[in-house]
Amino acid sequence: MKHTTVLDLIRQNPSCALVLDEYGINHHEHGDKTLEQICAEKQVDCNQLQTSLGALGSHVYSIDFNLVSIPFLIEYLINTHHDYAKTKLPAIRKVVAMLSRHDEGYRELEKTFRKFSNQMRKHIILEEEVVFPFILKLQALYENYDREGVVELLGKYSTEILCHNHEHDEDEMHELRVLTNNFRYKTTDDLNYQITMHELLQLQTDMGQHAKIEENVLFKKAAQMEAVLRKKLKNA
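My aim in this report is to walk through the structure given alongside it, one point at a time. Every chain begins its residue count from 1, and numbering advances along the sequence as written. A pLDDT threshold of at least 70 governs which residues receive local features in this predicted model, and a stricter bar of 80 or more applies before side-chain atom pairs are shown or counted, although totals over entire chains, interfaces and linings include all residues. Hydrogens and water molecules were not included; the side-chain quantities draw on all heavy atoms of the structure.

Before going further, it helps to examine the overall build of the protein chain. Looking only at helices and strands, the protein chain has 11 helices and 0 strands in total. Put simply, DSSP H or I for four residues or longer makes a helix, DSSP E for two residues or longer makes a strand, and each gets a number counted from the N terminus. Counted from the first residue to the last, the protein chain has its helices and strands arranged as α-α-α-α-α-α-α-α-α-α-α. Its C-alpha atoms give the protein chain a radius of gyration of 22 Å, clearly above 18 Å, the size a compact globule of 236 residues would have. With respect to the three principal axes, the spread of C-alpha positions in the protein chain is 75 × 40 × 25 Å. Within the protein chain, the fraction of its 236 residues that count as buried is 43%. Considering only intrachain contacts with a sequence separation of at least 6, the fraction spanning at least 24 residues in the protein chain is 74%. Entry remark: accessible area of the protein chain is about 13,300 Å², with carbon and sulfur atoms responsible for 49%. As defined in this context, the radius of gyration uses C-alpha atoms, and a globule is described by 2.2 Å times the residue total to the power 0.38. Under the scheme applied here, a residue whose accessible area is under 20% of the maximum for its type counts as buried, over 50% as exposed, and between as partly exposed, the area being computed with a 1.4 Å probe on protein chains only. In what follows, a contact means two residues having at least one pair of non-hydrogen atoms within 4.5 Å. Residue-level accessible areas treat just the shown protein chains as cover; the underlying method is Shrake-Rupley with a 1.4 Å probe.

Listed below in structure tokens is the structure:
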């Protein structure tokens, strides 16, 4: 890998561009240099960079989410999907901004991505500050029933309402898909455009995995616990 040029690395896997950027390596300025050359020039640890590049796409999880605890499930969603989105969104936004600066034809893409990115951040905040704490509190009351606590919690929120909000945000990428013809690109397209489309495809996949875990496992468990608690309130 260290004898491969920066541009060839990106052509092999467009995600390399974002990793290189984190190390201060701009593919526009250094595309014709090998990884070894640019690392020496930038005083970057070449072995560490190769490890980071080699790790792209290597994370495969084989967890039966139905068998794990709710706290583990929530921690998993935050540490994988949320952290992934928090890293990717600003990185993609930077590349889209470069596209837009050099070609006005990409202004609409920049505007649409900015809107999508803002929606995603709101979605993540909602989950981390409202949805997940609600579910953890729900579980605590399910395991140690406290009537006053249940009345207070279910007086504020319900799984149905919070899940509805989540479903409302599910297709946040719809406008981007329409605008980019489902993120299709050609090898003759602007390299930054190729990188953007590649990253959006990966982000879409990650969002789909995130939604499945929540809908099929987390929200289902929350709804079951809530039903039990409401029944206890009714029968009390």
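The next thing to look at is the packing of aromatic side chains. Both the distance between ring centres and the angle between the ring planes are used here to describe each pair of aromatic rings. In this analysis, rings of Phe, Tyr and Trp, with Trp reduced to its six-membered ring, are considered paired at centre separations within 6.5 Å, and the interplanar angle assigns stacked below 30 degrees, edge-to-face beyond 60, and tilted for intermediate values. Taken as a whole and judged by the stated rule, the model has 4 aromatic pairs. With a centroid separation of 5.7 Å and an interplanar angle of 50 degrees, the aromatic rings of Phe113 and Phe116 are classed as tilted. Placement of the pair is Phe113 and Phe116 together in helix α7 (residues 107-143), with a separation of 3 residues, close to one helical turn. Assigned by exposure class, Phe113 and Phe116 land together as buried. When the ring of Phe134 is compared with that of Tyr157, the centres are 6.0 Å apart and the planes differ by 70 degrees; the resulting orientation is edge-to-face. One end of the pair, Phe134, is in helix α7; the other, Tyr157, is in the loop between α8 (147-156) and α9 (159-168), with 23 residues separating them in the sequence. With relative accessibility at 33%, the residue Tyr157 sits in the partly exposed group.

Moving on, we get to the packing of α7 against α8. Their axes nearest at 10 Å, the elements α7 and α8 cross at an angle of 155 degrees. If you check the angle between α7 and α8, you find them roughly antiparallel. In the packing of α7 onto α8, the handedness of the crossing is left-handed. On the side of α7, the interface is formed by Phe134, Lys137, Leu138 and Leu141, while α8 contributes Gly149, Val150, Leu153 and Leu154. For helices, the fitted line uses only the C-alpha atoms of the stretch in contact; every axis is such a line through C-alpha atoms, and the angle between N-to-C directions lies from 0 to 180 degrees. Orientation labels follow simple angle bins: below 35 degrees gives roughly parallel, above 145 gives roughly antiparallel, 65 to 115 gives roughly perpendicular, and whatever is left gives oblique. It is the rotation of the near helix from the far one that decides the hand of a crossing: anticlockwise by less than a right angle makes it left-handed, clockwise makes it right-handed.

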